[in-house]
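Structural characterization, general
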Amino acid sequence: MNVIIALDGSPSSRRALEFASTLLAGRDTTVCLVHIIPEHIVYGKAGAASVEVYDMPKERAASKELLDESEKRLRDAGVGPEITKQLGTGDPADLILTAATDAKADLIVMGSRGLNVAQRFLIGSVSTKVATHAHCAVLVVHPPAK
Ligand SMILES: Nc1ncnc2c1ncn2[C@@H]1O[C@H](COP(=O)(O)OP(=O)(O)OP(=O)(O)O)[C@@H](O)[C@H]1O
Ligand SMILES: [Mg+2]
C-alpha cells in the first residue's frame, strides 16, 4: 500500500495522522508525508515577496519539525518501513495531487478542516479539491459529533 498523508499542522490533520497510524500499523506500507507552505504566505497578500518572507526560515523550520514529529509518531506506532517527507511551496491541493500521482499512491489521507479559523463550510477547500480531482482513494477524516 502506497499512502500520502497531507499535513498542515491543524488539529484536523493531526486526527488524520492518528487515523492513518491505526489503519496502517503492522502493514507493509510506503508513506509520503506532504506539507505545503501555501503560496500566499510565500508571496504575501499583495503579491510582493520581501527577501525575508521569501526565505521563510521560521516557516521552514516549523514545517520540518511538523514532518519530523509526524514521521516519529508513525514509526512509534509501527508504520513503515518506508516513510518519506515532502516539503513544498505553492497551491496545497495541486501539490498534494501531484505528489499522489508521482508516488502512484493508492490512498490520500487528510483532515476535513485545516488551519482556517473562519470555517464557513463543514469541509475545507483543500480536502474538497483533492477529493474531487484525485485518481486514487481519498480518506477525509472528520471530527466526531459534538
Ligand atoms: N498546506 C497544506 N499542506 C498539506 N496538507 C494540507 C495543507 N492545507 C490543508 N491540508 C490538508 O487538507 C485538510 C483540510 O484542510 P483545508 O485547508 O481544506 O481546510 P481549512 O483550512 O479549514 O479551509 P480553507 O483552507 O479552505 O479555508 C487538512 O486537514 C490537511 O490534511
Ligand atoms: Mg486550509
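Quick summary incoming for the structure in this document. (Residues numbered from 1 in each chain as written. Chains lettered and ligands numbered in written order. Predicted model: local features only at pLDDT ≥ 70, side-chain atom pairs only at ≥ 80, totals over all residues.)

What to know about the site of ligand 1
Filter applied, for reference: By definition, a residue lies near a molecule or strand provided its backbone-derived C-beta atom is within 6 Å of it. Each helix is a run of DSSP H or I of at least 4 residues and each strand a run of E of at least 2, with the numbering of both proceeding from the N terminus. In the scheme used here, Gly and all other residues not listed as nonpolar or charged are polar, with Ala, Val, Leu, Ile, Met, Phe, Trp, Tyr, Cys and Pro taken as nonpolar and Asp, Glu, Lys and Arg as charged.
In the region of ligand 1, 24 residues are neighbours, and Gly-111, Gly-114, Gly-124, Ser-125 and Val-126 sit closest. Those elements that place two or more of their residues in the shell around ligand 1 are α1 (11–24), β2 (28–38), α5 (92–102), β4 (107–111) and α6 (125–133). Considering every element that reaches the shell around ligand 1, the biggest residue donor is β2, with four residues. Its residues assigned to classes, the shell around ligand 1 comprises eleven nonpolar, eleven polar and two charged.

Overview of the nonpolar core
Generally speaking, nonpolar side chains in soluble globular proteins are found buried as a group. Put simply, the rule reads: A set of buried residues qualifies as a nonpolar core if it consists of Ala, Val, Leu, Ile, Met, Phe, Trp, Tyr and Cys joined through C-beta atoms within 7 Å. To sort residues by exposure, count the other C-beta atoms lying within 10 Å of each residue's C-beta; 20 or more gives buried, 12 or fewer gives exposed, and values between give partly exposed, all with C-beta atoms placed from the backbone. A residue pair is marked as a contact if its C-beta atoms, positioned from the backbone, fall within 7 Å.
The biggest cluster of nonpolar side chains holds 31 residues, and the ones touching the most others in it are Val-3, Ile-4, Ile-5, Val-34, Ile-96 and Ile-108. Among the secondary structure elements, those contributing two or more residues to this core are β1 (2–6), α1, β2, α4 (57–76), α5, β4 and α6. Ranked by residue count, the leading element in this core is α5, at six residues. Those residues in contact with Ile-96 that sit more than four places away from it in its chain are Ile-4, Ala-6, Val-34, Ile-36, Ile-108 and Val-130.

A few points about the sheet that holds β2
Backbone hydrogen bonds hold the strands of a sheet together, and the pairing may be parallel or antiparallel. Heads up, the rule is: Between any two strands, pairing holds if DSSP finds at least two bridges. Axis definition: a line fitted to C-alpha atoms, limited for helices to the stretch in contact. Angles are taken between N-to-C directions and run from 0 to 180 degrees.
Ordered in space as β3-β2-β1-β4-β5, the five strands form an open sheet in which the pairing is parallel. Taken across any chain shown, the strands that pair with only one partner, and hence form the sheet edges, are β3 (80–90) and β5 (137–141). For this sheet, the mean inter-axis angle between neighbouring strands, taken without regard to orientation, is 20°. Strand direction decides the pairing type here: β1 and β4, joined by three bridges, are parallel. Within β4, the position partnered with Ile-4 by the bridge is Ile-108. Those strands touched by α5 are β1, β2, β3 and β4, and its axis lies near 155° from that of β2.

Description of unusual backbone geometry
In this structure, the amide linkage connecting Gly-80 to the following residue, Pro-81, adopts the cis form with an omega of 15°. Locating Pro-81 in the fold gives a position in strand β3. Phi angles above zero are rare outside glycine, and Lys-104 is one such case at about 50°. Along the chain, Lys-104 falls in the loop between α5 and β4. For Gln-119, which is not glycine, the phi dihedral falls at a positive 45°. Relative to the helices and strands, Gln-119 is located in the loop between β4 and α6.

Things to note about the pairing of β1
For a regular strand, side-chain orientation follows a simple rule: the groups alternate between the two sheet faces. What counts, and what does not: When the strands point away from the viewer and the connection leading from the first strand across the helix to the second strand turns clockwise, the crossover is called right-handed.
Here β1 lies mainly inside the structure; four of its five residues are buried. Both β1 and β2 contribute to a ladder of five bridges, which runs parallel. Considered in β2, the bridge of Ala-6 is made with Val-34. The handedness of the β1 to β2 crossover, carried by α1, is right-handed.

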